[in-house]
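Summary of the model geometry
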Amino acid sequence: AITSFQEPRALIIQDGRVLLVGAYMDETVKPFIIGFNIDGTFDSEFGTFGYFYGSYNLNPTDAKIGPNGGIHLSGVVNDNVAVVKVLPDGSGFDLNFGLIGAAINESLSEDQSAALDLDNDGNIYVFGYGMLANVRRGHVTAFTSQGESMTDFGTNGRKTIFWPNGQNFYVT
């Protein structure tokens, strides 16, 4: 369940543009990206008049630019870790990524996403935590650059971390 919006994230792109990533409410929480030029004006070539409004129910927790310029947003969909990929120009989701632009790692736990990172090959690692059977555990969820679960990473694309002595585990 979404109880609050994540703080917006700002990304600086190599050519000096700035992207502001956040969430808006439209019956459910969905991602948005606003493109700015280095002088602070709207980047009218990004999305629709500088704006991208996502259609997926995802409150973004982090954002990174991939090797090909795609914009990756991590979050949670139905208590499962998810990543969506937006085209570099903000014109829409990259429909060749995952299932129509979204990669979701389904698990039994109630998950939270905290951060994401990409390696040099574009593989995606989402760091977070989840609750299962009243035990909080950390996890790293891995997706390929194509948005598929990285099955050779942990179990079904996820490495779960248990903290000693039953301590609660949070990743921020």
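Residues numbered from 1 in each chain as written. Predicted model: local features only at pLDDT ≥ 70, side-chain atom pairs only at ≥ 80, totals over all residues. Heavy atoms only, no water.

With respect to the overall build of the protein chain
To keep things clear, this is the line we draw: Segments assigned H or I by DSSP are reported as helices when at least four residues long, segments assigned E as strands when at least two residues long, and all are numbered from the N terminus. Between buried and exposed lies partly exposed: a residue is buried under 20% and exposed over 50% of the maximum accessible area for its type, with that area taken using a 1.4 Å probe on protein chains only. Throughout, the Shrake-Rupley method with a 1.4 Å probe supplies accessible areas, and for residues the shown protein chains are the sole cover considered.
When helices and strands are tallied, the protein chain shows zero helices and 12 strands. Going from the N terminus to the C terminus, the protein chain shows its helices and strands as β-β-β-β-β-β-β-β-β-β-β-β. A burial count over the protein chain gives 46% of its 172 residues as buried. For the protein chain, the accessible area works out to roughly 9,400 Å², and carbon and sulfur atoms hold 51% of it.

Observations concerning the nonpolar core
We count it as follows: In this description, a nonpolar core means a group of buried Ala, Val, Leu, Ile, Met, Phe, Trp, Tyr and Cys residues linked to one another through side-chain atoms lying within 4.5 Å.
Membership of the largest hydrophobic core comes to 17 residues, with the highest contact counts inside it found for L19, I33, I71, L73 and V86. Secondary-structure elements contributing two or more residues to this core are β2 (18–26), β6 (71–77) and β7 (80–86). Listed in part, the nine residues of the second largest apolar core include V81, F97, L118 and F143.

Focus: the environment of E27
Take E27: it is sitting in the loop between β2 and β3 (28–36). Judged by its relative accessible area of 79%, E27 falls in the exposed class. On a C-alpha basis, the gap between E27 and N57 in space is 9.3 Å, while along the polypeptide they are 30 residues apart.

Remarks on the pattern of salt bridges
The line we're drawing: Throughout this description, the term salt bridge denotes a Lys or Arg side-chain nitrogen within 4 Å of a carboxyl oxygen of Asp or Glu.
Inspection of every chain in the model, using the stated rule, returns four salt bridges. Taking the shortest distance from any N to any O, the salt bridge between R17 and D43 comes out at 2.7 Å. With R17 in the loop between β1 (9–12) and β2 and D43 in the loop between β3 and β4 (51–53), the pair connects residues that are 26 residues apart, well separated along the chain. For the pair shown, R17 and D43 are each scored as buried.

Section: the packing of aromatic side chains
For the record, the criterion: Two rings from Phe, Tyr or Trp (for Trp, the six-membered ring) form a pair when their centres sit within 6.5 Å of each other. Planes less than 30 degrees apart are called stacked, planes more than 60 degrees apart edge-to-face, and all others tilted.
Following the criterion strictly, the structure yields seven aromatic pairs and no others. Residues Y125 and F153 carry aromatic rings whose centres are separated by 5.8 Å and whose planes lie at 65 degrees to one another, so their mutual orientation is edge-to-face. Remark: F153 occurs in the loop between β11 (135–143) and β12 (158–161) and Y125 occurs in strand β10 (residues 124–132); sequence separation between them is 28 residues. The class of F153 is partly exposed, set by a relative accessible area of 23%.

Thoughts on a nonpolar patch on the surface
What counts here: Surface patches are defined over residues having more than 30% relative accessible area and no salt bridge, joining like charges when they lie within 9 Å and nonpolar side chains (Val, Leu, Ile, Met, Phe, Trp, Tyr) when within 5 Å.
Together, L95, L99 and I100 make up an exposed nonpolar region whose accessible area comes to about 350 Å². Secondary-structure assignment places L99 in the loop between β7 and β8 (102–105). Its relative accessible area of 66% is what places L99 among the exposed residues.

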